[in-house]
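If you want the building blocks of each chain, they are given just below.
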Amino acid sequence: MKKYILLTVACAFLLGTTSCNDFLDNEPRGVLSEADVVTPENVDGFVIAAYAALGNDHYDTPFSLWPYGNVRSDDAYKGGSGTNDIQAFHFFEISNNIRSDFGELDRLWYLHYVGIGRCNKAIAALNQLSEAQYPNKKKRIAEMKFVRGHFYFMLKILFKYVPYVDENTPIDDYPKISNRAKTDQQLWDAIASNFEDAASNLPATQSEVGRPKKSAAYAYLAKVRLYQAYEQDDNYTVTQINPVTLQKSIDAANQVIGNYTLESDFGYNFLPGTHENGPESVFSIQYSDNDGTLFGRLNYGDVLSLPQGLGCCDFHKPSQNLVNAFKTTPQGLPMFDTYNDTDLNYNQLNNYKVDPRLYHTVALPGLPWKYEENKIYQESWNRSPGTYGYYASLKENVPVGCGCTVNVDPFYANSKNRIIIRYSDVLLMKAEALIELGQINEALPLINQVRQRAANSTVLTGSYTSNNLISKYEPGVNCTWNQDFARKALRWERRMEFAMEGSRFFDLVRWGTAAGTMNTYYSGEKTKRSYYSQAGFDHGIEEYCPIPLAQINFSQGLYKQNNGY
């Protein structure tokens, strides 16, 4: 059983009645006043309720964003029994028939605002106490701003324009705040302010691993500022990359670098048990089993990705394009322009040299499942191979023998933590900002640090793989290190390092390359999979999800819909 933030029961809220009758003026029995609830003894209940929201997702509303960050990109197929199985995700996969009335989008929006509302309630409650009454006041408020910033960041990359409410917003004013009350840049600034405030008041260390540290706030601030730097017009075209904002991202990343280290083997980041909350984990969502509750605090958001041969339901399947991208040249460099000319054949692996991260990211038939040499991944484990192929996603899944899975029929859920920010992300974010500022020589060692770790990542797979080859970039020896090449190398590195972790599509939108990348991808997939025949990405529309129709109706038309929906 893992060590977690201790949970306390959240309290009921005040109900009030008024009447001229003396009898009705009496406080009803069993109803708590706000003064009764907001006490030093009870206030942690508000905080824990907000933390709990981080894991309150569901298989069709996953906070890992796998349908929107991976399936919507060139990294993954939807999977499942066929195209009608969670059909909304199929439409996102082919960028066609995406509608504002999808219930999955409405529920995802709602769950994010439940989390934000809990953070606001916790901050408001904490503000009613003095530091003398509650010495952890500043630290807890900082934690809540971090969590709130996380929820807003996810909403921002999904929907672009969302209403911004905080602890100072009267509840009665919530329906009056438009999703266009703040401009794009103002909304980024508001989100960044959460992490700036958090960084100012969080401690350098936390005794309970589920709580963010100062460096975690700076890491998230670096991410927010990096996204913000790529300024877009109303048609989602990147019009400039703001150098001042890039520098803010670098400054925040510098507060993180040196406080963490890369795991010695890439695969350790994605193993349960003693490897969780490791030296590379900047911030993770904490899950548990055997914790005294019925099933435990399990990762329901990623429960669908287990192959059918091990449970259910064979969703979130790596694309052939992604697998091909792991091929390397005889010099150990990416095959930038030719990687997809021919498909990697998993029955003839020794015909290729590959980036070792392939074997930590993709389950290939004939090889051990999650490093278990007595459990070989079989073609027969695939549910719809004629539609979605024979690969499975490894990172969110666990070894069969880990003892960390729970049968919640028909699913097998696991209690492995989900990492939100890894140290390698911080290194590559800084490298990206440096490249766009023209400081390409300073970016080189950061990228090479990540590639060197990839080259070393054969500890878990070395007994059954021998075709690993990846090299560092050596200017004048194996590459010409100019800005164009450095940019290409950085963007490739992000794909290999974070494949199937929910970020690929959002990277493409940030860079302004989503339409070109996706339409090139679709042209290749149409020759292999018939269900891609109607696929096509419309620039200026499909970079963002539609604002859920139910939310527009709830706002009585106050919310403005995104382009084209």
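A brief report on the enclosed structure follows.

Analysis parameters
Residues numbered from 1 in each chain as written. Predicted model: local features only at pLDDT ≥ 70, side-chain atom pairs only at ≥ 80, totals over all residues. Heavy atoms only, no water. Axes fitted to C-alpha atoms, helices over the stretch in contact; angles between N-to-C directions. Helix = DSSP H or I, 4+ residues; strand = E, 2+ residues; numbered from the N terminus. Parallel < 35°, antiparallel > 145°, perpendicular 65-115°, else oblique. Left-handed = near helix turned anticlockwise from the far one by under 90°. Contact = heavy atoms within 4.5 Å. 1 Å grid on protein atoms, 1.4 Å probe; cavity = no way out; pocket = protein on both sides within 12 Å on 5 of 7 lines; lining within 4 Å. Points joined across faces, edges and corners; volume = space filled by probe spheres on them.

**Brief notes about the packing of helix α16 (residues 483-498) against helix α17 (residues 504-511)**
And then number 1: α17 packs onto α16 with a crossing angle of 160 degrees between their chain directions and a minimal axis gap of 10 Å. As summarised for this structure, α16 and α17 are arranged roughly antiparallel, according to the angle between their axes. Seen from above, α16 lies across α17 with right-handed handedness. Of the residues in α17, those touching α16 at Arg491, Arg494 and Arg495 are Arg504, Asp507, Arg510 and Trp511.

**Side note on the packing of helix α8 (residues 184-201) against helix α9 (residues 214-229)**
A pair of packed helices is characterised by two quantities: the angle between their axes and the separation of those axes.
And then number 1: Taken N-terminus to C-terminus, the directions of α8 and α9 make an angle of 165 degrees; their axes are 8 Å apart at the nearest point. Viewed along their axes, α8 and α9 adopt a mutual orientation that is roughly antiparallel. Seen from above, α8 lies across α9 with left-handed handedness. Side by side, α8 and α9 meet where Gln185, Trp188, Asp189, Ile191, Ala192, Phe195, Glu196, Ala198, Ala199, Ser200 and Asn201 of the first sit next to Lys214, Ala217, Tyr218, Tyr220, Leu221, Val224, Arg225, Tyr227 and Gln228 of the second.

**Some remarks on the environment of Asp409**
And then number 1: Inspection of the secondary structure assignment puts Asp409 in the loop between β10 (405-408) and β11 (411-414).
And then number 2: A C-alpha to C-alpha distance of 9.0 Å links Asp409 and Cys312, two positions 97 residues apart in sequence.

**Looking at empty space enclosed by the protein**
With a probe scaled to a water molecule rolled over the atoms, the places where space remains empty come into view.
And then number 1: Enumeration according to the criterion identifies eight cavities of 30 Å³ or more in this entry.
And then number 2: Roughly 600 Å³ of volume is contained in the largest cavity.
And then number 3: Taken together, 34 residues line the largest cavity, and the ones lying closest to its centre are Ser64, Ile419, Ile420, Glu501 and Gly502.
And then number 4: Listing elements by their share of the lining of the largest cavity, those giving two or more residues are α7 (137-159), α9, β12 (418-422) and α16.

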